[in-house]
Amino acid sequence: MRHIASLSLLVALAASSLTAQSIQYVESRKIWLLTTRDSTYAMGVDPEGTLQHLYWGAPLWRADDVPAAAVRRELSSFDPPAMLQREEFPAWGGTRYYEPALKVTRADGNRDVVLRYVSHQMRESSLDITLKDIRDDIQVVLHYRVYPDHGILERSATIRNETAQPLMVESAQSATWNLPAGEGYQLTYLTGRWAAETQVNHEAIHQGMKVLESRKGHTSHNINPWFAIDAGDAGEEHGSVWFGALAWSGNWRITVEQTPYQQVRVTGGLNTFDFAYPLKPGEALDTPAFYAGYSAQGFGAASRLLHRFEREEIAPGGLSSRVRPVLYNSWEATTFNVNEAGQKVLATTAAKLGVELFVMDDGWFGQRKDDHAGLGDWYVNPEKFPHSLKPLIDKVHALGMDFGLWVEPEMVNPDSDLYRKHPDWVLSFPGRPRSEQRNQLVLNLARPDVRDYVLGFLDKLLSENDIAFLKWDYNRNWTEPGWDQLPASEQKRVYVEFTRNLYAILAELRHRHPKVEFESCSGGGGRVDLGILRYVDEVWPSDNTDPFDRLTQQDGFTYAYTPQIMMAWVTDSPHWLNKRSTSLSYRMLSSMQGSLGIGANIANWSPEEFALAKRLISEYRQVQTTIVQGDLYRLISPRNGSEFSVTQTVNPEKTQSVVFAFIHSTQQGRLFPRLKLKGLDPVAEYALSPIVGKPRTGTPPVASGAWWMNHGLDLDDGFRGDFQGAAFRLDKQ
Ligand code: GLA
C-alpha cells in the first residue's frame, strides 16, 4: 500500500514537472518529448540522420524509457527500410512509396529529395527542427508548438528554396502523423452536402489509402478537415482516440493510410490536386497549421479538448471572447425583400423578445431583388433604403440592440456594375466557359487589386455605419480557377494566395474595427475549419434549420467544434425545406444547445408563442455560459435512427449543469432511458429545475452529484409522442 502511494506520488510529481517543461530534449539519444496534460509525442534522429517518429499516446514521465531512433533493415528487396520506419516528414525520394509530405521538381527535372536532420531550436513551448536534402539546399523547417494545458500539439512546415535554381513544389503538407504500430484502427470523419453537413462516419481502416479532401476552393460541405482514429474499442467516454484538425479554408487534403507494415499514417495539408507552387531561390512556402491530440477517454473527451482549445487559443477573442449575443436574422422571414419599414417592424418585435443583435441578411445592396443580380455592388439600395442604413441602425440601437449585416465579398453576379467594369477579376480560363453557380462567379481574391477592392469596400462600410457584426457568406464552389495575369508556371499559386488574402482581409478589418464581430457562412457550413476560426467569432453550420435534422448535424459538429461557435436559429414551422411541423418549444430547445438565434417571421407568432420564446430566451441567457463553454457530454446520439437524443453540459466549476432531451417518436412500451449524468461533483448537492418538461414523480428535488451520475435522472412517463423536447438545469446548492 505504502509502495503504491509513493509510486503514484512520484508519477504525479514527474508528470507535473514534465508539464512545466513541455518540451524535453535528450542530447545523448537525440530525442524530443513533447508533453501535454493528456499526451506525449516523441521523435528522434536515427544514426543516418532521418527524423523518426517514436511515440504518440498517454503522457510519459521518464524520457529514459524512449529508445533512440534506429535504422531498420530491409525485409526484402521489395520492402525497403524506409517503408518500415516512421519518418516524421518524408519527402518523395529514395525508397519511399507511401504518401509523402513533400514533393518537389527542380528546374532540371530532378525530383529526388531525401531529408536529413540539420539543427533545431527550442523555446519554452515551441520547437523548430530544420531538415535538409542530402545534396541540395532544399530546407524544411518543421514547426511544433505544444499547448500543455489544452492537450494539443500544433505542427506546420516551411519549405525553403536555398538553392540557386527555381523549384516547383508539388506537394506541401503540414504534417505526417504516425499512429502507434498496429492494425484494427477505426476512422471517424465528418461528411455532408448543402443542408446536410457534419454527418458522422465511422469505419474500419484497411490497407490502402483513404482521401479526405476538398477540391472546391473552400473547406466545403462535403468533408470537414477533421479526423479521429481509435483502436477499434473507443466509445464516447472510454478508449484511446487520436484526432486532428487542419487549419485551412482552401483546397485541403488529409490522407489516412495503412501500410502493409502495420502502420497507420495520416498526412495532411495543401491539396496536391492541380497544385504547383513555384519557389524562386530564397523563397519559402509555409503550410497551414495541423492541430492534433490524444485522449484516453474516448470521443467525448477528445471533443472537449478541441472545444476548449478553440475557444481559448483559436477564437479571435481567446480567453476574453464573450458568449455570443442572442441574434435575430431576417433571411427566412423576408429573404431578399428587405426594406427600411419592414426591418424596423421586425427589429421592434425582436427587441421585445430579448434579442441582443439584429442582423439584416441578403438584399440590402445594389440591384439585388433576387440572386440574379447585384453581388459586387456594395452600395445601399436607394429604393429599399432611401435614407441609407442610418435610420434602421439608429432604430435598432434605440431598441437596445446591436446591428449586423450580411455580405458576400468574394462573389460577383455577371449582372452587376462591378462585373461590367472588371470582367477580368473573376477566376476563369480565357476562351473557356465561366460556369455560374447561383448565378454568380468567384472574384479572384488572390489578385492584389481584388484584395484591395474587397478590403476597401468593407472598411468603408464599417467606417460609415455603426455595424457590430458581419455575416460573411460564400455561396458557390470554384470552377475554372485560372489566373491568367501571371505566367503559366505561377498560376496555380491561386490555391494559396486566395485563402491567405481572405485571412489577411479579415485580420486587417478586425484590426481597424476591433469591435466588429464576424460569422463565417458558406451556404451554411461550407467554410468551417480552424483556419477561418482564427478570424471569426461564430459559424453558420447549415442552411437547414429544421430542428430535428439539426440534432444530427449538431451532434456531428460538436465532434470537432465548440457549441459556442455553432449558431442555431429557431425558424418557422412547417419547415421550408422538409415541410416537417414541430412545436416552438422543440425548435427552441434544439437551437438552445448552441448559440441561440431567431430566424422566424416573428411578426406572425401568436401571443402564446411569443411569450414562450421570450421566457426561453431569458432562461437560456441564465445558463448560456454553461451550455456553450461547459464540458459537453453527448449522452444519447440522435444518429442511426435513434428515437432519443440527449446532451449535457457542465461548467468548469461544476456548479451548474444543463440537460437537453429530445424524442423523435416514441413506441408504446419503450420508455425514455434513464439519464446517468456525467461530470458533476459527486459530493456536491444539486437542485434540479425544469426549463421545459418534468422529471418522473418522486425524483428528489435536490440530490448529490453521486446520485445524478450513478442512479440517474428519470424523465416523466408522460414525456412521449413525436418531436418532443425537455430541458433541465442542475444548480449546486
Ligand atoms: C446563404 C446563407 C443563408 C442566406 C443566403 C442569402 O444561402 O447560408 O443563410 O444568408 O445565403 O442569400
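Everything quoted here is computed from the prediction, not taken from an experiment.

Trainee: Just to check I follow, could you spell out the domain arrangement of the protein for this structure?
Mentor: How big an interface is tends to be reported as the loss of accessible area on association of its parts. One can read the domain layout of the protein as domain 1 (2-314), domain 2 (325-628) and domain 3 (635-732). With 22 residues of domain 2 at the contact, the number on the domain 3 side is 23 residues. Interface area, domain 2 with domain 3, both sides summed: about 1,900 Å², of which 66% is carbon and sulfur. On the domain 2 side of the interface with domain 3, the three residues burying the most area are Y586, L589 and T626, jointly 31% of the side's total. Here R639 makes a salt bridge to D555, at a shortest N to O gap of 2.8 Å. Applying the counting rule to domain 2 against domain 3 returns 8 residue pairs in polar contact (both at pLDDT 80 or more). Secondary structure elements with two or more residues in the side of domain 2 that touches domain 3: α10 (547-560), α11 (584-591) and α12 (607-629). It is α12 that contributes the most residues to the side of domain 2 that touches domain 3, 7 residues altogether. For the side of domain 2 that touches domain 3, a count of residues per class yields 9 nonpolar, 9 polar and 4 charged.

Trainee: I tried to follow the sheet that holds strand β31 (residues 631-636) on my own but got confused; where do I start?
Mentor: Two pairing modes exist for strands in a sheet, parallel and antiparallel, and in both the strands are linked by backbone hydrogen bonds. The strand order across the open sheet built from 6 strands is β31-β32-β33-β36-β34-β35, with neighbouring strands paired in antiparallel fashion. Only two strands of the sheet have a single partner each, and these edge strands are β31 and β35 (702-704). Direction aside, the axes of adjacent strands within the sheet are offset by 25° on average. Looking at chain direction, β31 and strand β32 (residues 644-650) are connected through 5 bridges and run antiparallel. From the neighbouring strand, Y633 faces β32, where its bridge partner is Q648. The sheet strands contacting α12 are β31, β32, β33 (656-665), β34 (685-692) and β36 (722-732), and the helix crosses β33 at an angle near 110°.

Trainee: What's the story with the confidence of the model for the protein in this structure? I'm lost.
Mentor: Do not read the fine detail of predicted coordinates wherever pLDDT is low. Per-residue confidence for the protein gives a mean pLDDT of 96; residues scoring 70 or more make up 97%. Every residue in residues 1-20 is under pLDDT 50, and counting partners more than four places away or in other chains gives 9 contacts.

Trainee: Which parts of the structure should I look at to understand the environment of Q297?
Mentor: Among the secondary structure elements, Q297 is positioned in the loop between β20 (290-295) and α3 (298-314). Distance from Q297 to D38, taken between C-alpha atoms, is 9.9 Å for residues 259 residues apart in sequence. The contact partners of Q297, leaving out residues within four places of it in the chain, are E236, E237, H238 and G239.

Trainee: In this structure, what is going on with the sheet that holds strand β23 (residues 402-407)? I would like to understand it.
Mentor: Strand order in the open sheet formed by 8 strands is β28-β27-β26-β23-β22-β21-β30-β29, with parallel pairing between adjacent strands. For this open sheet the edge positions go to β28 (538-539) and β29 (567-570), each flanked by a neighbour on one side alone. Of the pairings in the sheet, the one linking strand β21 (residues 327-329) to strand β30 (residues 595-598) comprises 2 bridges and is parallel in character. Its bridge partner being in β30, L327 is matched across the sheet by G597.

Trainee: Just to check I follow, could you spell out the site of the ligand for this structure?
Mentor: Around the ligand, a shell composed of 13 residues is seen, among which D361, D362, R438, K471 and D543 lie nearest. Contact between the ligand and N475: an oxygen atom at 3.2 Å from a side-chain N or O atom of the residue. Protein contact buries 96% of the 310 Å² of open area that the ligand shows by itself.

Trainee: Please clarify how unusual backbone geometry should be interpreted in this entry.
Mentor: Glycine aside, the phi torsion of most residues is negative, and most peptide linkages are trans. For the peptide bond that leads from S573 to P574, omega is -5°, which places it in the cis range. Although it is not a glycine, N640 adopts a positive phi angle of roughly 55°. Inspection of the secondary structure assignment puts N640 in the loop between β31 and β32. Judged by its relative accessible area of 78%, N640 falls in the exposed class.

Trainee: Sorry, what's going on with the packing of aromatic side chains here?
Mentor: Aromatic rings considered in pairs are described by the distance between their centres and by the relative angle of their planes. For the structure on display, the rule yields 36 aromatic pairs. Between W425 and Y453, the ring centres sit 5.4 Å apart and the planes meet at 55°, which makes this aromatic pair tilted. Residue W425 is located in the loop between α7 (417-421) and β25 (441-442), and its partner Y453 is located in helix α8 (residues 448-464); the two are separated by 28 residues in the primary sequence. With 5.6 Å between their ring centres and 20° between their planes, W478 and Y495 make a pair best called stacked. Pair noted here: W478 is in the loop between β26 (469-472) and α9 (494-512) and Y495 is in helix α9, with a separation of 17 residues, a long-range link. Of the aromatic side chains, those joined through ring pairs into one cluster are W364, F365, W378, W406, W425, Y453 and F457. Above the ring of W177, the side-chain terminus of R155 is found at 5.1 Å from the ring centroid. Its guanidinium or amino end placed over the ring of Y98, R265 lies 3.6 Å from that ring's centre, counting from NZ or CZ.

Here is what the cut-offs are and how they apply
- Residues numbered from 1 in each chain as written.
- Predicted model: local features only at pLDDT ≥ 70, side-chain atom pairs only at ≥ 80, totals over all residues.
- Heavy atoms only, no water.
- Domains from an automatic or database assignment.
- Contact = heavy atoms within 4.5 Å.
- Buried area = accessible area lost by both parts, 1.4 Å probe.
- Salt bridge = Lys/Arg side-chain N within 4 Å of Asp/Glu carboxyl O.
- Polar contact = N/O pair within 3.5 Å; in protein donor to acceptor, adjacent residues only side chain to side chain.
- Helix = DSSP H or I, 4+ residues; strand = E, 2+ residues; numbered from the N terminus.
- Nonpolar A, V, L, I, M, F, W, Y, C, P; charged D, E, K, R; others polar.
- Pairing = 2+ DSSP bridges.
- Axes fitted to C-alpha atoms, helices over the stretch in contact; angles between N-to-C directions.
- pLDDT = per-residue confidence, 0-100.
- Near = heavy atom within 4 Å.
- Areas by Shrake-Rupley, 256 points an atom, 1.4 Å probe, with all protein chains shown as cover.
- Buried < 20%, exposed > 50% of the residue type's maximum accessible area, 1.4 Å probe, protein only.
- Phe/Tyr/Trp six-rings, centres within 6.5 Å; stacked < 30°, edge-to-face > 60°.
- Lys NZ or Arg CZ within 6 Å of the ring centre and 35° of its normal.

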